[in-house]
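# A structural walkthrough
What follows is the residue order along each chain.
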Amino acid sequence: MDSIERKERDAKFMKNPQSKEYLFEHMPVPGAVLQLSTPIVISSLVTILYNLADTFFVGMLNDPVQNAAVTLVYPVTLAFNAVNNLFGVGVSSAMSRNLGRKAYDEVRTCSAFGFYGALCSGLLFSALCLLFRTPLLTLLGTDAETLNATLGYMQWTVFCGALPAILNVVQSYMVRSEGSTLHASIGTMSGCLLNILLDPIFILPWGFNMGAAGAGLATFLSNCIACLYFLVLARIKKGSTFVSMNPRMLRRLTMSQVRDILGVGIPASIQNLLNVTGTTLLNNFTAPFGAAAIAAMGISQKLYMIPMQMSLGFSQGIMPLVSYNYASGNRARMKEAILFALRIIVGSMLFLTAVYFLGAPAMIRAFMDSDQIVGYGTRFLRVMSLGFVFLCTDFLAVGVFQALGMGRNALFFAICRKLVLEIPLLFLLNHFYPLYGLPFAQLITEVFLCALGLWMLRRIFRAEVH
């Protein structure tokens, strides 16, 4: 297809009342925000169920060692997000801003760069973790008691599973960047639901009785199915999507485009690497208190993911809308979208705070019926719940910075979160208040970052007005 035919097709595609142009430019802001965010929030909740499924079904074995294995590997799977953000967040931000500028060839070029970047990075991640598995397991806090179970879970989720786990998330970001949030969510949910169905079969004694290793195998297979969905979708929608996996598009890639993508992607990646550092430290501080404490912290962290993923879903959902209107010059619509999303998510988090604080014992016991684990977990979860409202504001601020291509702002925020606040507080509070001081470090961090995020957003709004 030559350039003239491509331009004619693109113009016809974007003028359709159901097109991206209508969604981004003309649909009332509340409707646009909800249409973009709701599928992502739903898929995020399903993703949480799939993350909780490993913990839940492994917990049914009533073996703290198997549950501790899932917790100890979590920082490595969290590190996948460093690659996801490098290519997913960076590329999706660039794609949406290029859509706003009507630079459609650049949208395709950016998406091809994201796909092949994720493919190569996933293979490299698996190879490095396999090669350095012994020091990695030591770093994660494993001991003689938890080593075999942790290695079994890591074999499937990391050594074999890094590539499909990374690739399906990056593809979801790219599909989402042009407003196709429903397809992005279906792809994500298809893998998650399969994982939930496979978990009991592979984990429990009436099935294959593989324990934590079975949870890892279920995760690997589910991510492969999600990847397959996006590959088939790209083929079916070849004539009506700007997402491209054609390697020939890489010939059009310029250094300016690479800098634009990496300018957002690298800070987002660093942010997640810092998150991995914080989680690893948390596990190492918890480990001396035994497998029960590790299991309780793991369950609490998984439950904490529900409000976290809801907040992340809203912030990611509005990113294409914010990016598009920022690039097209409609700053009033951009601001209206951000403020509407903030009102919705703050109200939701206030409700969840009450539910978690009052229901903490029952929520922990649902995973493992152990008085010791419930005691630990209840105290952890109640402190964590007090930070939900502050957490959602933090995530929304970072999402706006990434959407506008302000990678330095996002990086500054990440450095403040981990290096200035949370990590020093983990050391300090654990010293004066062993074990139970750890969740307070997260709470204090979120309060300070909420104030910082609102201040930075206010500065952006004022700059756009003037």
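Residues numbered from 1 in each chain as written. Predicted model: local features only at pLDDT ≥ 70, side-chain atom pairs only at ≥ 80, totals over all residues. Heavy atoms only, no water.

As named in an unreviewed UniProt entry, the protein is Probable multidrug resistance protein NorM, taken from Subdoligranulum variabile DSM 15176. Comment text from UniProt for the protein, heading Sequence similarities (unreviewed entry), reads "Belongs to the multi antimicrobial extrusion (MATE) (TC 2.A.66.1) family." In UniProt, the protein has this text filed under Subcellular location (unreviewed entry): "Cell membrane". (UniProt positions renumbered as here; feature names shortened; annotations may be inferred.)

### A closer look at the overall build of the protein
A count of helices and strands for the protein gives 17 helices and zero strands. Relative to the globule expectation of 23 Å for 466 residues, the C-alpha radius of gyration of the protein, 22 Å, shows essentially globular dimensions. Across its three principal directions, the C-alpha atoms of the protein cover 65 × 45 × 35 Å. When burial is assessed residue by residue, the protein has 61% of its 466 residues classed as buried. Long-range contacts, defined here as pairs at least 24 residues apart, represent 81% of the contacts in the protein between residues at least 6 apart. As presented, the protein carries roughly 18,600 Å² of accessible surface, and 67% of it is formed by carbon and sulfur atoms. With 33 positive and 22 negative side-chain charges, the protein shows a separation of 8 Å between the mean positions of the two kinds. (Helix = DSSP H or I, 4+ residues; strand = E, 2+ residues; numbered from the N terminus. Rg over C-alpha atoms; globule rule 2.2 N^0.38 Å. Buried < 20%, exposed > 50% of the residue type's maximum accessible area, 1.4 Å probe, protein only. Contact = heavy atoms within 4.5 Å. Areas by Shrake-Rupley, 256 points an atom, 1.4 Å probe, with all protein chains shown as cover. Lys, Arg positive; Asp, Glu negative; His and termini not counted. Charge placed at Lys NZ, Arg CZ, Asp CG, Glu CD.)

### Notes on empty space enclosed by the protein
Overall, the coordinates contain four cavities of 30 Å³ or more when judged by the stated rule. In this structure, the second largest cavity encloses a volume near 100 Å³. Around the second largest cavity, the lining residues are Q171, M174, V175, E178, F230, L233, A234, K237, T241, V243 and M245. Those elements giving two or more residues to the lining of the second largest cavity turn out to be α8 (162-177) and α10 (212-236). Here the residues of the lining of the second largest cavity are counted per class, giving seven nonpolar, two polar and two charged. (1 Å grid on protein atoms, 1.4 Å probe; cavity = no way out; pocket = protein on both sides within 12 Å on 5 of 7 lines; lining within 4 Å. Points joined across faces, edges and corners; volume = space filled by probe spheres on them. Nonpolar A, V, L, I, M, F, W, Y, C, P; charged D, E, K, R; others polar.)

### Some remarks on the environment of Y229
Along the chain, Y229 turns up in helix α10. A sequence separation of 79 residues divides Y229 from M308, and the C-alpha atoms of the two residues are 26 Å apart. When neighbours within four sequence positions are excluded, Y229 is seen to be in contact with H183, I186, G187 and S190.

### Some details on the domain arrangement of the protein
For the protein, the domain assignment lists domain 1 (49-253) and domain 2 (296-464). Here the C-alpha centroids of domain 1 and domain 2 sit 22 Å apart. On the side of domain 2, 21 residues touch domain 1, which itself brings 25 residues to the contact. Approximately 1,900 Å² of surface area, both sides summed, lies buried where domain 1 meets domain 2, with 66% of it carried by carbon and sulfur atoms. (Domains from an automatic or database assignment. Buried area = accessible area lost by both parts, 1.4 Å probe.)

### Section: unusual backbone geometry
Note: most peptide bonds trans; most residues except glycine with negative phi. With phi around 55°, N62 is a residue other than glycine that occupies positive phi space. Locating N62 in the fold gives a position in the loop between α3 (29-59) and α4 (64-100). One non-glycine residue, K102, adopts positive backbone phi at about 65°. As for its position among the elements, K102 is in the loop between α4 and α5 (104-131).

### A closer look at the packing of helix α15 (residues 388-403) against helix α16 (residues 407-432)
It is at 7 Å that the axes of α15 and α16 come closest, and there the two elements cross at 150°. By the angle between their directions, the pair α15 and α16 is classed as roughly antiparallel. When you trace α15 past α16, the crossing you get is left-handed. Side by side, α15 and α16 meet where D394, F395, V398, F401 and Q402 of the first sit next to G407, N409, A410, F413 and R417 of the second. (Axes fitted to C-alpha atoms, helices over the stretch in contact; angles between N-to-C directions. Parallel < 35°, antiparallel > 145°, perpendicular 65-115°, else oblique. Left-handed = near helix turned anticlockwise from the far one by under 90°.)

### Quick notes on the packing of aromatic side chains
Considering all chains together, one arrives at 17 aromatic pairs under this definition. Aromatic pair F80 and F125: ring centres 5.1 Å apart, planes at 75°, arrangement edge-to-face. Here F125 lies in helix α5 and F80 lies in helix α4, a separation of 45 residues in the sequence. Taken as a pair, F80 and F125 share a single burial class, namely buried. Relative to Y436, the ring of F380 lies with its centre 5.9 Å away and its plane at 45°, an arrangement referred to as tilted. (Phe/Tyr/Trp six-rings, centres within 6.5 Å; stacked < 30°, edge-to-face > 60°.)

### Some words on a nonpolar patch on the surface
On the surface, L124, L128, L131 and F132 cluster together into a nonpolar patch covering about 420 Å² of accessible area. Here L124 lies in helix α5. Judged by its relative accessible area of 52%, L124 falls in the exposed class. (Patch = residues over 30% accessible without salt bridge, like charges linked within 9 Å, V, L, I, M, F, W, Y side chains within 5 Å. Salt bridge = Lys/Arg side-chain N within 4 Å of Asp/Glu carboxyl O.)

### A closer look at the nonpolar core
Core analysis: the largest hydrophobic core is formed by 133 residues, its most contacted members being F125, M154 and V158. Each of domain 1 (49-253) and domain 2 (296-464) accounts for three or more of the residues forming this core. Once you skip the residues sitting within four places of it in the chain, V158 turns out to touch V73, V76, F80, F125, S126 and C129. (Core = buried A, V, L, I, M, F, W, Y, C linked by side-chain atoms within 4.5 Å.)

### Some details on the side chain of K237
Position of K237 relative to the elements: it lies in the loop between α10 and α11 (255-286). For the buried K237, which has no salt bridge, the nearest side chain bearing the opposite charge is E178, at an N-O separation of 4.7 Å. Setting aside its immediate chain neighbours within four residues, K237 contacts S180 and H183.

### Things to note about helix α7 (residues 147-159)
When the terminal C-alpha atoms of α7 are compared, their 16 Å separation across 13 residues is substantially less than the 18 Å that a helix rising 1.5 Å per residue should span. Its axis deflected by about 30° at Y153, α7 carries its strongest bend there. (Expected span 1.5 Å × (residues − 1). Bend = angle between axes of the 7 residues up to and from the residue.)

### A closer look at a positive patch on the surface
On the surface, a cluster of positive charge is contributed by R235, K238, R248 and R251. Checked against the element boundaries, R251 lands in the loop between α10 and α11.

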